[in-house]
Amino acid sequence: MRSRHFPGLHGRVALWSTLFFLVVLVSLWSVPQSPVYAALDMGVTPSKFDLELGPGETSTQLVRVSNAGTERTHFRAYVMDWHLSQRGEFIAIPAGTGQRSASSWIVVSPAEFDLGPGEVQEVRVGIKVPQGVAGSYRSVVFFESAPAQVSRVFGVSIASRLGVMIYVTIRGTAVKQGSIVDLAAEYEAGKGTIAGQIGFENTGNVHLTLKPTVELRDGEGRRVARTELPSAVSLPDSYLEIPFTWETKLPAGEYIMLVVIDYGGNSKVAGQIVFESP
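Residues numbered from 1 in each chain as written. Predicted model: local features only at pLDDT ≥ 70, side-chain atom pairs only at ≥ 80, totals over all residues. Heavy atoms only, no water.

## Notes on the overall build of the chain
A count of helices and strands for the chain gives zero helices and 21 strands. Among the 278 residues that make up the chain, the fraction classed as buried is 45%. Carbon and sulfur atoms form 49% of the exposed surface of the chain, whose accessible area is close to 14200 Å². (Helix = DSSP H or I, 4+ residues; strand = E, 2+ residues; numbered from the N terminus. Buried < 20%, exposed > 50% of the residue type's maximum accessible area, 1.4 Å probe, protein only. Areas by Shrake-Rupley, 256 points an atom, 1.4 Å probe, with all protein chains shown as cover.)

## Observations concerning the sheet that holds strand 15 (residues 193-202)
The strand order across the open sheet formed by three strands is 14-15-19, and the pairing between neighbours is antiparallel. Bordering the open sheet on either side are strand 14 (178-188) and strand 19 (238-247), each of which pairs with just one other strand. Direction aside, the axes of adjacent strands within the sheet are offset by 15 degrees on average. By the bridge criterion, 10 bridges tie strand 15 to strand 19 in an arrangement that is antiparallel. Note that in strand 19 the partner of Gln 197 across the bridge is Pro 243. (Pairing = 2+ DSSP bridges. Axes fitted to C-alpha atoms, helices over the stretch in contact; angles between N-to-C directions.)

## Side note on the confidence of the model for the chain
Chain-level pLDDT for the chain is 85 on average; 82% of the residues reach the 70-or-more range. Contacts from residues 1-39, a stretch scored under 50 in pLDDT, to residues over four places away or in other chains number 99 contacts. (pLDDT = per-residue confidence, 0-100. Contact = heavy atoms within 4.5 Å.)

## What to know about the pattern of salt bridges
Applying the stated rule across the entire model yields 12 salt bridges. For the salt bridge of Arg 171 with Glu 52, the shortest nitrogen-to-oxygen distance reads 3.7 Å. You can see Arg 171 sitting in the loop between strand 13 (156-170) and strand 14 and its partner Glu 52 sitting in strand 4 (residues 48-53), a full 119 residues away along the chain. Here Arg 171 falls in the partly exposed class, since its relative accessible area comes to 40%. A salt bridge links Arg 64 to Glu 122, with the shortest nitrogen-to-oxygen separation between them at 3.7 Å. One end of the pair, Arg 64, is in strand 5 (residues 58-67); the other, Glu 122, is in strand 10 (residues 120-128), with 58 residues separating them in the sequence. Residue class for Glu 122 comes out partly exposed when judged on its relative accessible area of 39%. Beyond isolated ion pairs, a larger network of salt bridges with shared partners links Glu 52, Glu 57 and Arg 171. (Salt bridge = Lys/Arg side-chain N within 4 Å of Asp/Glu carboxyl O.)

## Notes on the packing of aromatic side chains
According to the stated counting rule, one finds seven aromatic pairs in the structure shown. Here Phe 75 and Phe 113 contribute two aromatic rings whose centre-to-centre distance is 5.8 Å and whose plane-to-plane angle is 20 degrees, an arrangement assigned as stacked. With Phe 75 in strand 6 (residues 73-84) and Phe 113 in strand 9 (residues 112-115), this residue pair connects regions lying 38 residues apart in the sequence. Assessed through its relative accessible area of 0%, Phe 75 is described here as buried. (Phe/Tyr/Trp six-rings, centres within 6.5 Å; stacked < 30°, edge-to-face > 60°.)

## A look at the side chain of Ser 277
Tracing the backbone through its elements, the reader meets Ser 277 in strand 21 (residues 269-277). Residue class for Ser 277 comes out buried when judged on its relative accessible area of 4%. Discounting residues that sit within four places of it in the chain, Ser 277 has contacts with Tyr 187, Leu 250, Pro 251, Ala 252, Gly 253 and Tyr 255.

## Observations regarding the sheet that holds strand 5
Hydrogen bonds between backbone atoms are what pair the strands of a sheet, whose relative direction is either parallel or antiparallel. One open sheet holds the four strands; their spatial order is 3-5-10-8, and the pairing between them is antiparallel. In this open sheet, the two edge strands, each paired with only one partner strand, are strand 3 (42-45) and strand 8 (106-109). The mean angle between the axes of side-by-side strands here comes to 20 degrees, regardless of whether they run parallel or antiparallel. Examined bridge by bridge, strand 3 and strand 5 share four bridges and lie antiparallel to one another. Bridging across to strand 5, Thr 45 finds its partner in Arg 64.

Structure, rendered in structure tokens:
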């Protein structure tokens, strides 16, 4: 089991096994310290494709791009790779440079188009899976509007960019496995909150959706509280930190925090840690 340090979190650990996102790009020239307000001028649906295909198979998916602005606008589409930081932040990188990249499998048509206010364009996303691949692969198709000036006084232009996440799992090759390798918790009596962190390692070859549940038990093993944390995505061959804050009033004493994660495998994984409320 790998050891990691979470600053400010302490406890005794026992472990066992059992992106719709958007990016608004702002270009600023000599802007004084004043707020800039702008409305997103486009819409993209759906936000994700999670496909299961066999080697050599092809698939065509449709994306609807709409102009929600008031001016005729030029749009372009392009493919990029992406990965997640250990804290789960999305990071886009050039196509073909990431692990388990599907970018070379994807063709987008049309790649550029103009839309008037309220108009919609259907864009075809073609995917062709090569031979000799296993597990899951990923990419993102970005749709970006041309920069539009929103302030002539301050020289501010804004462009909108929305991404459609693409996952392709090769049929019959998925290996779902992972474990909780780190766990930490600290109770802040003044705030009445538990600051916790879970370290999950995905040792399989497909992306996983993690559904963590946290339960508190007193020194006699009786359950005193339970909560479900937001789901998180874990990529193959990667480590993910899941920080959380839980508001709950605890009398002074020793407590057990039990964490159970359902990741869609044959069994769930769990771990526990002992901490004290002063």
